[in-house]
Structure formats: structure tokens, C-alpha cells
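What follows is the residue order along each chain.
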Amino acid sequence: MTDIPVSSATVRGAPFSSPEFDVASRSANRILAIANQKGGVGKTTTAINLATALAATGRRVMLFDLDPQGNASTGLGIDRNAAESGSYEVLIGGAPIATATAPTAVPGLVVVPASVDLSGAELELVDIERREFQLKEAFNSLNDIYDYVLIDCPPALGLLTLNALVAADGVLVPLQCEYLALEGLSQLVRTVERVHNAFNDRLAVQGIVLTMFDSRNNLSNLVADDVRSYFGDVVYESVIPRNVRVSEAPSHGKPVLLYDFGCSGSQAYVHLAGEFLRREEGDSS
Ligand SMILES: Nc1ncnc2c1ncn2[C@@H]1O[C@H](COP(=O)(O)OP(=O)(O)O)[C@@H](O)[C@H]1O
Ligand SMILES: [Mg+2]
């Protein structure tokens, strides 16, 4: 497919060619930002269900909801208005993370819900000293309690997402196979590169996951082929299909893995989690 306006030089460039991309230096808490500045591409769905699948393997997982819309919180059955403390208090108010976690129905998975006040945080951050480092500094008190911390980012490349990228070890990018997907992706990659160079030299793209894939749609297939030819192994083999059960689950306050374990969407997320762990923890030795 040739009509996607993207420069191959940009998307093929660093950080993919840099040594950081090899999963070599692993801290005890691995912190992954789930980011894509486009809305509706499956960030929150991937955050909830990857977190659930990882917790199901016995890993201790925290999902940090950094999107003011709070879909990760409500999708896990958390009443945001009832939560006394959440991601806003941690990010802006200096609240210890331990006071902001809420249990979920998934054993081993806790969530830091998006407080209602988070919608003002993007603007408040502007006037704060070291505004890019607020989340990173808050995570200093994590004390290796969790194996994985997944940050569900808002659909923008503003200060909230920047805080996530500065705090993270890696970025997981959900990508919907549609027109202009690659253009948005190259912008995200440039941002990751800039954050890597300016603030956080641990940061690399951990993986790209194709979401809401419709095999009967020709464009889906063409874009998927294109993404794979640019990014190679960075793209997960697991592909999340478009599946109505996945879209129904949040209204029941449940990960699709609890709502309907047997459906194709759940099985795809189980598969993704396995691939994720092999990539993270390595089976090459
Ligand atoms: N695999 C899927 N099949 C069907 N619907 C999906 C799938 N993944 C996500 N959705 C739905 O698409 C919408 C956007 O997904 P979401 O994860 O909220 O995206 P984002 O967080 O990037 O904005 C939601 O309504 C969600 O339920
Ligand atoms: Mg979302």
C-alpha cells in the first residue's frame, strides 16, 4: 500500500535501532505506558485486559488510570466518585500511591482510579516546577510492590502523557488498522524519541499491538502488512480482533476476560499477555 503519507525514514529510525530496545535492563517494577494520541484505538481495553491477564499468571499488577475520562476505572467496576484518592492526588497532590489504590475483582490487580479532578491536571501541571517528572517522582514510593505497572494514557500527547513517558520503562502502542494509522504512529515515535533523549533514556517502544482487527476488511489487512513491514518484530504477532463481547464488557464493570473468557477477544488478550511476558522476561536463554 503506497498512499499512506508517512516517511519511512522517520518510522524506521531510532529508538527501534537503539540497544535500549533489547529488553536487557529490567527494574523490579516494570512500568509501561499504554499510549497513542488517537482516541478509540483500544488503549483502555488493552490496559484493562492485559493487566487482568498478567494478574491471572500470578504477577502483581497495578493499573494507573491517567485518562481524565476514567474509562479504565469504570471498566474495572470502580466508582470514581466514591474513591477518596486517585491518580490526581498522586500526580498533583503528593499523595502516596498506597493511599490511592483500589482493589478490583481480579485477584492481584489494583487500580489507581482517575479522580474527577484529573480533568484539570493538564493545565495545573503547566505551572508546576519539574512538571514532566511528577509521576516519576510519585512512583519512587512504589517500592517494588508490583511486577507491572500499566499506565492508561489519555488520547493526546500533552503533559499527562509526557509524565507517563518520563516515568515509564517502555511504551505499548495499541494501533487500530485504519486509514492514517501510520501517520499518527510516526508522530508518536518521534515523541518517544524526544522523551528518550531529553528526559528518560530507559524509554523505548516495547511493542505495537494491532487492535479491533477485522480480517474481512481489506484496509485492515493492508495497514497491518504495512505496519509489520516498517516495524518488524516490534509488532506483536497477537492481533486483537474486533469482537462485540469486548465492547460489552466495560458496561458490566468487568474485563472481558471475566465477562466472557471463551470469546475471541479474551483469547487474543491471553495470547498477547503470553507474548508480552516472553518479550519482557525473555525466553531466549
Ligand atoms: N477488540 C475490540 N472489539 C470491539 N470493540 C472494541 C475492541 N477494543 C475496543 N473496543 C471498543 O472501542 C471503543 C474504544 O476503545 P478504548 O479501549 O476505550 O480506546 P482508547 O482507550 O484508545 O480511547 C470502546 O468502546 C471499546 O469498548
Ligand atoms: Mg482510553
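Owing to the predicted nature of the structure, the values given are computational and were not obtained by experimental measurement.

Chemist: What am I meant to see in the overall build of the protein here?
Modeler: Across its full length, the protein holds 12 helices and 8 strands. Out of the 285 residues in the protein, the part that is buried amounts to 54%. Across the protein, contacts joining residues at least 24 apart in sequence account for 80% of those joining residues at least 6 apart. Total accessible area on the protein stands at roughly 12,000 Å², and carbon and sulfur atoms take up 50% of it.

Chemist: Before we go on, may I ask you to explain empty space enclosed by the protein in this structure?
Modeler: Taking a probe equal in size to a water molecule and rolling it over the atoms shows the remaining empty space. Counted according to the given criterion, the structure contains 2 cavities of 30 Å³ or more. Taken as a whole, the largest cavity holds about 50 Å³ of empty space. Taken together, Thr45, Ile48, Asn49, Val246, Ala249, Pro250, Lys254, Pro255 and Val256 make up the lining of the largest cavity. Of all the elements, helix H2 (residues 43-56) adds the most residues to the lining of the largest cavity, at 3 residues. Split by residue class, the lining of the largest cavity holds 6 nonpolar, 2 polar and 1 charged. Here the second largest cavity defines a volume of roughly 40 Å³.

Chemist: Mind showing me how you'd approach the sheet that holds strand S4 (residues 109-112) here?
Modeler: The pairing of strands in a sheet comes from backbone hydrogen bonds and takes either a parallel or an antiparallel form. One open sheet holds the 8 strands; their spatial order is S3-S4-S2-S5-S1-S6-S7-S8, and the pairing between them is mixed. A single partner strand is all that each edge strand has here, and the edge strands are strand S3 (102-103) and strand S8 (235-241). As paired strands, S3 and S4 are joined by 2 bridges and run antiparallel to one another. When the bridges of S4 are listed, Pro103 appears paired with Val110. The strands touched by helix H8 (residues 181-198) are strand S6 (170-176) and strand S7 (204-213); relative to S6, the strand with the most contacts, the crossing angle is about 170 degrees. Strand contacts of helix H9 (residues 218-231): S6, S7 and S8, with the helix running at about 170 degrees to S7, the strand carrying the most contacts.

Chemist: Any chance you could explain H8 here in plain terms?
Modeler: Since the α-helix packs 3.6 residues into each turn, any two residues three or four apart lie on the same face. When the terminal C-alpha atoms of H8 are compared, their 26 Å separation across 18 residues agrees well with the 26 Å that a helix rising 1.5 Å per residue should span. Those residues of H8 lying buried are Ala181, Leu182, Gly184, Leu185, Ser186, Leu188, Val189, Thr191, Val192, Val195 and His196.

Chemist: For this particular structure, what's the right way to read the environment of Pro107?
Modeler: Counting through the fold element by element, Pro107 comes out in the loop between S3 and S4. Expressed as a C-alpha distance, the spacing of Pro107 and Val61, which sit 46 residues apart in the sequence, is 9.5 Å.

Chemist: Help me understand the environment of Pro113 in this model?
Modeler: Checked against the element boundaries, Pro113 lands in the loop between S4 and helix H5 (121-126). On a C-alpha basis, the gap between Pro113 and Ala83 in space is 7.4 Å, while along the polypeptide they are 30 residues apart. With sequence-adjacent residues up to four places away left out, Pro113 is seen in contact with Asp65, Ser73, Ile78, Ala83, Ser85, Gly86, Ser87, Ala100 and Ala102.

Chemist: Explain the confidence of the model for the protein here, please?
Modeler: Interpretation of the predicted coordinates at a detailed level should be avoided for regions scoring low in pLDDT. Here the protein shows a mean pLDDT of 89. Residues at 70 or above account for 89%. Confidence drops under pLDDT 50 across residues 1-27; counting only partners more than four residues distant or on other chains, this segment forms 48 contacts.

Chemist: Which parts of the structure should I look at to understand the site of ligand 1?
Modeler: Of all residues adjacent to ligand 1, which total 14 residues, the nearest are Gly40, Thr44, Thr45, Pro241 and Asn243. Taking Thr44, its side chain carries an N or O atom lying 2.9 Å from an oxygen atom of ligand 1. Here Thr45 contributes a side-chain N or O atom positioned 2.6 Å from an oxygen atom of ligand 1. If ligand 1 stood free it would expose 550 Å²; the protein chains cover 79% of that surface. Of all the secondary-structure elements, those providing two or more residues to the shell around ligand 1 are H2, S8 and helix H10 (244-248). Of the residues forming the shell around ligand 1, the biggest block, 3 residues, is contributed by H2.

Chemist: Whenever I open this one, H2 confuses me. Can you help?
Modeler: Helix length check: H2 (14 residues) gives 20 Å between terminal C-alpha atoms against 20 Å at 1.5 Å per residue, within 8%. Phi for Gly58, located one or two positions after H2, is positive at around 100 degrees.

Chemist: Help me understand the packing of aromatic side chains, please; the structure alone is not making it clear to me.
Modeler: The way to describe two aromatic rings as a pair is by their centre distance and the angle between their planes. Across all of its chains, the model carries 3 aromatic pairs by this definition. Centroid distance Phe64 to Phe139: 5.4 Å. Interplanar angle 85 degrees. Geometry classified as edge-to-face. Taken together, the residues span a long stretch of sequence, with Phe64 in strand S2 (residues 61-65) and Phe139 in helix H6 (residues 134-139) at a distance of 75 residues. Each member of the pair, Phe64 as well as Phe139, is classed as buried. Taken together, a centroid distance of 5.7 Å and an interplanar angle of 80 degrees make the contact between Phe133 and Phe199 edge-to-face. Placement of Phe133 in the loop between H5 and H6 and of Phe199 in the loop between H8 and S7 is noted, with a sequence separation of 66 residues between them. Overall, the relative accessible area of 14% leaves Phe133 in the buried class. The ring of Phe133 carries Arg130 above its face, with NZ or CZ at 4.3 Å from the centroid.

About the cut-offs
- Residues numbered from 1 in each chain as written.
- Chains lettered and ligands numbered in written order.
- Predicted model: local features only at pLDDT ≥ 70, side-chain atom pairs only at ≥ 80, totals over all residues.
- Heavy atoms only, no water.
- Helix = DSSP H or I, 4+ residues; strand = E, 2+ residues; numbered from the N terminus.
- Buried < 20%, exposed > 50% of the residue type's maximum accessible area, 1.4 Å probe, protein only.
- Contact = heavy atoms within 4.5 Å.
- Areas by Shrake-Rupley, 256 points an atom, 1.4 Å probe, with all protein chains shown as cover.
- 1 Å grid on protein atoms, 1.4 Å probe; cavity = no way out; pocket = protein on both sides within 12 Å on 5 of 7 lines; lining within 4 Å.
- Points joined across faces, edges and corners; volume = space filled by probe spheres on them.
- Nonpolar A, V, L, I, M, F, W, Y, C, P; charged D, E, K, R; others polar.
- Pairing = 2+ DSSP bridges.
- Axes fitted to C-alpha atoms, helices over the stretch in contact; angles between N-to-C directions.
- Expected span 1.5 Å × (residues − 1).
- pLDDT = per-residue confidence, 0-100.
- Near = heavy atom within 4 Å.
- Polar contact = N/O pair within 3.5 Å; in protein donor to acceptor, adjacent residues only side chain to side chain.
- Phe/Tyr/Trp six-rings, centres within 6.5 Å; stacked < 30°, edge-to-face > 60°.
- Lys NZ or Arg CZ within 6 Å of the ring centre and 35° of its normal.

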